[in-house]
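Per-entry structural report
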Amino acid sequence: RSGKPEDLVYEEIQKAVFPKGHPYHEPVGGDDQQLTNITLKDACAFMTKYYVPERATVIIAGNVLPEQADKLVSHWLAASPKLVPAPRNEVPVFVPKKARYEIEADVEQSSVHMAWVLPPRFSEDDTVSGFLWAVFSRVAYEGEEYEFATRIQPALQGGDQAPILIVSAYLKGEDKIGEAIDTMTRSAKRTYQNFSEDDEAIDNIRKRAM
């Protein structure tokens, strides 16, 4: 966490989208109070529970023959104690609620953010993310056309098991909030209609994902 007000806005969006009790509801890095109160004992216990050899990823780069690499890895890791890692928290499936939130933050520029929950990464339904990126493209185009924002940008929050796409519009003024919401909503609906009527567009997204 950087502690910037803009970053805190994204944390509030994540809290609003993911229900209480969901692993992604809280910031991954913890908040200031948690980080201040953490002890060396806490950190060591966490490392012992989750950072075990069975979960290690070994990356070998360079002019090395596979047979040599296999021998070296076996030699150096054979002595590692076998430990049973603590289970990871399950990421439950949930149906997001359509809702509108107002977030007060000490930021220099008012903004509007729209968020959609995506299917898990690499799942059978992962191609729907292509549709949502198309929403962002249309919002960016219309934002430039209607000039209600100085910039429009996408962001991915959450994690692989339940990612969310956020399209953010940083406004030219507070009087542009209503126009931004209307335009962004209209852009999403138009994109959905186009994709619903265009099987070829969906097939192209699937091919790119493959």
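To keep things clear, this report deals only with the structure shown in the data block. Just so it is clear, the structure is predicted and the values come from calculations on it, not from any experiment.

What counts and how
Residues numbered from 1 in each chain as written. Predicted model: local features only at pLDDT ≥ 70, side-chain atom pairs only at ≥ 80, totals over all residues. Heavy atoms only, no water. Helix = DSSP H or I, 4+ residues; strand = E, 2+ residues; numbered from the N terminus. Contact = heavy atoms within 4.5 Å. Areas by Shrake-Rupley, 256 points an atom, 1.4 Å probe, with all protein chains shown as cover. Pairing = 2+ DSSP bridges. Axes fitted to C-alpha atoms, helices over the stretch in contact; angles between N-to-C directions.

Description of the overall build of the chain
On a plain count of helices and strands, the chain comes out with seven helices and three strands. Listing the helices and strands of the chain from first to last along the sequence gives α-α-α-α-β-α-β-β-α-α. Within the chain, contacts between residues separated by at least 24 positions form 68% of all contacts whose residues are at least 6 apart in sequence. Summed over all atoms, the accessible surface of the chain reaches about 15,400 Å², with 53% contributed by carbon and sulfur.

Examining the sheet that holds strand β2 (residues 149-157)
Taken in spatial order, the three strands of this open sheet run β1-β3-β2, and their pairing is antiparallel. Only two strands of the sheet have a single partner each, and these edge strands are β1 (111-117) and β2. Sheet twist, expressed as the average angle between the axes of neighbouring strands with direction ignored, equals 15 degrees. Note that β1 and strand β3 (residues 164-171) share seven bridges and pair antiparallel. Its bridge partner lying in β3, Met114 is registered against Val167. Of the strands in this sheet, β1, β2 and β3 touch helix α1 (residues 5-17), which is tilted by about 40 degrees from β1.

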